[in-house]
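The primary structure of each chain is shown beneath.
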Amino acid sequence: MRKGVEESQESGPLAGLKVLELARILAGPWAGQTLADMGADVIKIESPSGDDTRQWGPPFVKAVDGGDMSSAYFHACNRGKRSVVADFSTEEGRALVRRLAADADVLIENFKVGGLARYGLDYASLRALNPRLVYASITGFGQDGPYAARAGYDFMIQALGGGMSVTGTAEGEPLRTGYAVADLFSGLYATIAVLAALRQRDATGKGAYIDCALLDTQVAVLGNQALNYLVSGTAPGRIGNTHPNIVPYQAFPTMDGHIIIAVGNDAQFQRLCTVLDAGDLAANPGYATNASRVAHREALVSRLVDLTAGWTRDALLAALEAATVPAGPINDIGEVFADPQVRHRAMALSLPQEAAAAGHVPGVRTPIMIDGKAMALGDAPPMLGESNDDADWL
């Protein structure tokens, strides 16, 4: 076992927790990586060809021998794990998984409904070996219902679950988010469920079965937009960068680019008017409350656009910050990692890896701080099957 993995298991809040990850792509591995970052010993079980995302590039992490060490996508969600190859089509492979599951605390899988039953690796089979096992299944649509047998992918789930109907401009086509929101949130909800089931096990001594569906997750994270519909009976539509319930809360132009202004209360609106030298807007009773500003959105925003367009970006941002009006730039990802606050919080990781051409692999830490300590305890993602020869524990 690599040193970084040993240290994480000894010092994290989940130290001593053994997790089997029979998952690939993103949602399941995201849950596994989150647990690994908090100190769990996560054993990633891969087929002989490996997790599909190892090939989802370019870009690929360059290896010291001139080859590659899997795609950036794979490295995004597999930090701090061991990799063990097991071929489920063979009795040897199935026996290996059963042996590891016999004393595991958690198993995470994202096979199609019933997909592991034919190998004898489903919850009922493994519970008979280990009644304390917390078994988390992540699927597109859940274990029951008319869609249960279907495969589910983030893009289609964002569409089916309503996310795309409220993303984009009214005159454009519906858009997905620029990252896999259904997968990532499903991974986090699965992590929360695992931790809750472990807490329950402390009281009962029994494991649990977790049924986590991407569609359920997408519907849940509609959040206030879902309630806007359930309360009003009117389905929200696409309104670009504006907010359905708050005004002004959107992108505004300046002389050299756009910024975000996010006014969350009436006092902030008054301060915004002061910065923009718009005393008439501050005094207008039609703009005195958020509800009235929403009702008069078009006229108010049109005037604000004219006012912000006369400023340079940096000058307006500085003036708004001085007046404690929430505002910020629209950064690209390069600018994000150059941002002084992001750098101060050490969000970018450099994980030692001798096999990498650079001597390390980059990563992004899990955004959890406990007692002032960042949960970034893992090691670089594993090479395929690199732990198969660790006979001392396998």
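In case you missed it, the structure is sitting above this.
Read on for a plain summary of the structure. (Residues numbered from 1 in each chain as written. Predicted model: local features only at pLDDT ≥ 70, side-chain atom pairs only at ≥ 80, totals over all residues. Heavy atoms only, no water.)

1. Observations regarding the overall build of the protein chain
The condition that has to hold: Strands are runs of DSSP state E lasting at least two residues, helices are runs of H or I lasting at least four, and both sets are numbered from the N terminus onward. Partly exposed describes any residue whose relative accessible area lies between the buried limit of under 20% and the exposed limit of over 50%, with all areas from a 1.4 Å probe on protein chains only and scaled to the type maximum. The criterion used for residue contact is that any of the two residues' heavy atoms lie within 4.5 Å. Here the open area of atoms and residues is found with the Shrake-Rupley method and a 1.4 Å probe, where only the protein chains shown may cover a residue. Charged residues are defined narrowly, with Lys and Arg counted positive, Asp and Glu counted negative, and His plus the chain ends left uncounted. A charge is said to be at NZ when it belongs to Lys, at CZ for Arg, at CG for Asp and at CD for Glu.
Regarding its fold elements, the protein chain presents 16 helices and 15 strands. The buried share of the protein chain, taken over its 394 residues, is 45%. Counted over contacts in the protein chain with a minimum sequence separation of 6, partners at least 24 positions apart contribute 68%. With an accessible surface of roughly 19200 Å², the protein chain has 56% of that area assigned to carbon and sulfur atoms. Looking at charge distribution, the protein chain has the averaged site of its 32 positive side-chain charges lying 4 Å from that of its 44 negative ones.

2. Description of unusual backbone geometry
Residue Pro59 is bonded to the preceding Pro58 through a cis peptide linkage, with omega at 5°. Tracing the backbone through its elements, the reader meets Pro59 in the loop between strand S2 (41–46) and strand S3 (60–62).

3. Things to note about the side chain of Arg238
The test is simple: Between Lys or Arg on one side and Asp or Glu on the other, a salt bridge is scored when a side-chain nitrogen of the former is within 4 Å of a carboxyl oxygen of the latter.
Checked against the element boundaries, Arg238 lands in the loop between helix H9 (224–232) and strand S9 (249–254). Of the side chains bearing the opposite charge, Glu171 lies closest to the buried Arg238, which forms no salt bridge; the N-O distance is 7.5 Å. Those residues in contact with Arg238 that sit more than four places away from it in its chain are Met164, Ser165, Val166, Thr167, Gly168, Thr169, Ala170, Gly172, Glu173 and Pro174.

4. Observations regarding the layout of surface pockets
Basically, it comes down to this: Buriedness for pockets is judged along seven lines, at least five of which must meet protein on both sides within 12 Å for an open set on the 1 Å grid over protein atoms alone, while cavities are sets there where a 1.4 Å probe fits but cannot get out, and lining residues have an atom within 4 Å of a point. Grid points are joined across faces, edges and corners, and a volume is the space filled by probe spheres set on the points. Three residue categories are used. Nonpolar comprises Ala, Val, Leu, Ile, Met, Phe, Trp, Tyr, Cys and Pro, charged comprises Asp, Glu, Lys and Arg, and polar comprises the others, including Gly.
When its volume is computed, the largest pocket comes out at roughly 1600 Å³. Lining the largest pocket we find 46 residues, and of these Trp30, Tyr179, Leu184, Ile333 and Val364 sit closest to its centre. Counting only elements with at least two residues in the lining of the largest pocket, the list comes to helix H2 (27–37), S3, helix H3 (72–76), helix H7 (181–204), S9, helix H15 (333–338), strand S12 (348–352) and strand S13 (360–364). If you tally residues by element for the lining of the largest pocket, the top one is H7, at 7 residues. Partitioning the lining of the largest pocket into residue classes produces 31 nonpolar, 12 polar and 3 charged. There is about 620 Å³ of room inside the second largest pocket. Lining of the second largest pocket is provided by 29 residues; of these, Ile25, Gly152, Tyr153, Asp154 and Asp183 occupy positions nearest its centre. For the lining of the second largest pocket, the elements supplying multiple residues, two or more each, are strand S7 (134–139) and helix H6 (154–160). Sort the elements by how many residues they give to the lining of the second largest pocket and H6 lands first, with 3 residues. Considering only residue class, the lining of the second largest pocket consists of 15 nonpolar, 7 polar and 7 charged.

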